[in-house]
Amino acid sequence: MRKKFLSSSQEILRTDYGAGSRWSRGQKQKVATIAKHVSTPLKFSLIYQFLCKLSPANTVLELGTSLGINTAYLATVSKGILYSYEGDPILAGLAREHLSKESHINFVTGNLNETLKISLSVLKSIDFVLMDANHRYEPTLDYFKQIVPKLHSESILVIADIHWSKQMKKAWQEIKNHPSVTGSIDFFECGVLFFGKHGLRNDYILEI
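Our subject in this report is the structure included herewith. Everything quoted here is computed from the prediction, not taken from an experiment.

This part covers helix 3 (residues 42-54). A rise of 1.5 Å per residue sets the reference length of helix 3, with its 13 residues, at 18 Å; its end C-alpha atoms lie 19 Å apart and thus fit the reference within 8%. All of the buried residues along helix 3 are Phe44, Ser45, Ile47, Tyr48, Gln49, Leu51 and Cys52. Summarising the contacts, the buried residues of helix 3 are in contact with helix 1 (2-6), strand 3 (59-63), helix 4 (69-75), strand 6 (128-131), strand 7 (156-160) and strand 9 (190-194).

See the structure below:
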C-alpha cells in the first residue's frame, strides 16, 4: 500500500476537520505527497500493531484513517471489529478500496465530533485505541474523555504526534495524569497509555 500510494499520480480535493497541515495549505493535494508527509513511519506502524496485539483486540478504534496504512497493520491483529474513522470521504474511499478484503473493518466517514459519539453509544467496551485525528488540544481531550469510560484494565490507548504542537503537548500532559491511567510511555512520535494489567505505575520517555 505504501509503495502504491507513494507512486500514485492521483490528485484529490481534501476535506479537513482537524488542525490542518504543516506541509500544504491548498485543498488540492497529490496522493503521493500525502503518503510521503502524513503516513506513519514503518517502525511506529509496527509498534501500533504490537501494542494492539497486547490488548484483547476484540474492539479496536482508529481515529484518523488517512490512507489506511495503519489500518492495515491493526487489521492483521484485530480479533473483532476495527472501527476506523476518517473525516475526508476521498481518503476514506481510497483506504476502503485497498482494504476491501478485510471484512472486519468498519469504516466510519464524517466529522469525528459527531461520528464518535454515535459509535460509543452502542459499544460496551474498547480494547485498543489509536488516536491520530484532530491534532488540537480541546478535541484531543474531548475524544479521550468520551472513550475512557469504555476502557478496562487490559485496554491500551495510543495518541499519535504528542509533540506536534504546544496544544498536543498540553493535551498529552493532562491525559497521562488522568486518574484512570496507571502508566505511560512517551516515544516522542506517540504516547502510550495503560490502564491496569499492563500498567507500569510510572511514566517513561523512550527514544527509538
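This part takes up the packing of aromatic side chains. Scanning the model with the defined rule gives one aromatic pair in all. Ring geometry for Phe44 and Phe187: centres 6.5 Å apart, planes at 75°, overall edge-to-face. Within this pair, whereas Phe44 is found in helix 3, its partner Phe187 is found in the loop between strand 8 (183-186) and strand 9, the two being separated by 143 residues in sequence. Phe187 shares its class with Phe44; the two are buried. Its end group placed over the ring of Tyr137, Lys170 keeps NZ or CZ at 4.5 Å from the ring centre.

Okay, the sheet that holds strand 5 (residues 105-109) next. One open sheet accounts for eight strands, arranged 5-4-3-6-7-9-8-10; its pairing is mixed. Pairing within the sheet leaves two strands with one partner each, and these edge strands are strand 5 and strand 10 (203-205). Strand-to-strand twist across the sheet, computed as the mean angle between neighbouring axes with direction ignored, equals 15°. Summarising the sheet, strand 4 (residues 81-86) and strand 5 pair through five bridges and their orientation is parallel. Considered in strand 5, the bridge of Glu86 is made with Thr109.

As a further point, take the side chain of Asp186. Relative to the helices and strands, Asp186 resides in strand 8. No salt bridge is formed by the buried Asp186. Its closest oppositely charged neighbour is Lys176, at 5.9 Å. At a separation of 2.9 Å, a polar atom in the side chain of Asp186 contacts the side chain of His163. Contact partners of Asp186, with chain neighbours within four places excluded, come to Ile162, His163, Trp172, Tyr204, Ile205 and Leu206.

This paragraph deals with the packing of helix 7 (residues 137-147) against helix 8 (residues 166-176). Between helix 7 and helix 8, whose axes approach to 8 Å, the crossing angle comes to 30°. It follows that helix 7 is roughly parallel to helix 8 by the angle criterion. As helix 7 runs across helix 8, the sense of the crossing is right-handed. Taken together, the residues of helix 8 that come into contact with helix 7 (itself represented by Tyr137, Thr140, Leu141 and Phe144) are Gln167, Met168, Lys170, Ala171, Glu174 and Ile175.

The next subject is the pattern of salt bridges. Tallying each qualifying case throughout the model produces one salt bridge. Its salt-bridge partner being Glu11, residue Lys28 comes within 3.4 Å of it at the nearest N-O pair. Here Glu11 lies in strand 1 (residues 11-13) and Lys28 lies in strand 2 (residues 28-30), a separation of 17 residues in the sequence. Taking relative accessible area as the criterion, Lys28 reaches 57% and is therefore assigned exposed.

What counts and how
- Residues numbered from 1 in each chain as written.
- Predicted model: local features only at pLDDT ≥ 70, side-chain atom pairs only at ≥ 80, totals over all residues.
- Heavy atoms only, no water.
- Helix = DSSP H or I, 4+ residues; strand = E, 2+ residues; numbered from the N terminus.
- Expected span 1.5 Å × (residues − 1).
- Buried < 20%, exposed > 50% of the residue type's maximum accessible area, 1.4 Å probe, protein only.
- Contact = heavy atoms within 4.5 Å.
- Phe/Tyr/Trp six-rings, centres within 6.5 Å; stacked < 30°, edge-to-face > 60°.
- Lys NZ or Arg CZ within 6 Å of the ring centre and 35° of its normal.
- Pairing = 2+ DSSP bridges.
- Axes fitted to C-alpha atoms, helices over the stretch in contact; angles between N-to-C directions.
- Lys, Arg positive; Asp, Glu negative; His and termini not counted.
- Salt bridge = Lys/Arg side-chain N within 4 Å of Asp/Glu carboxyl O.
- Polar contact = N/O pair within 3.5 Å; in protein donor to acceptor, adjacent residues only side chain to side chain.
- Parallel < 35°, antiparallel > 145°, perpendicular 65-115°, else oblique.
- Left-handed = near helix turned anticlockwise from the far one by under 90°.

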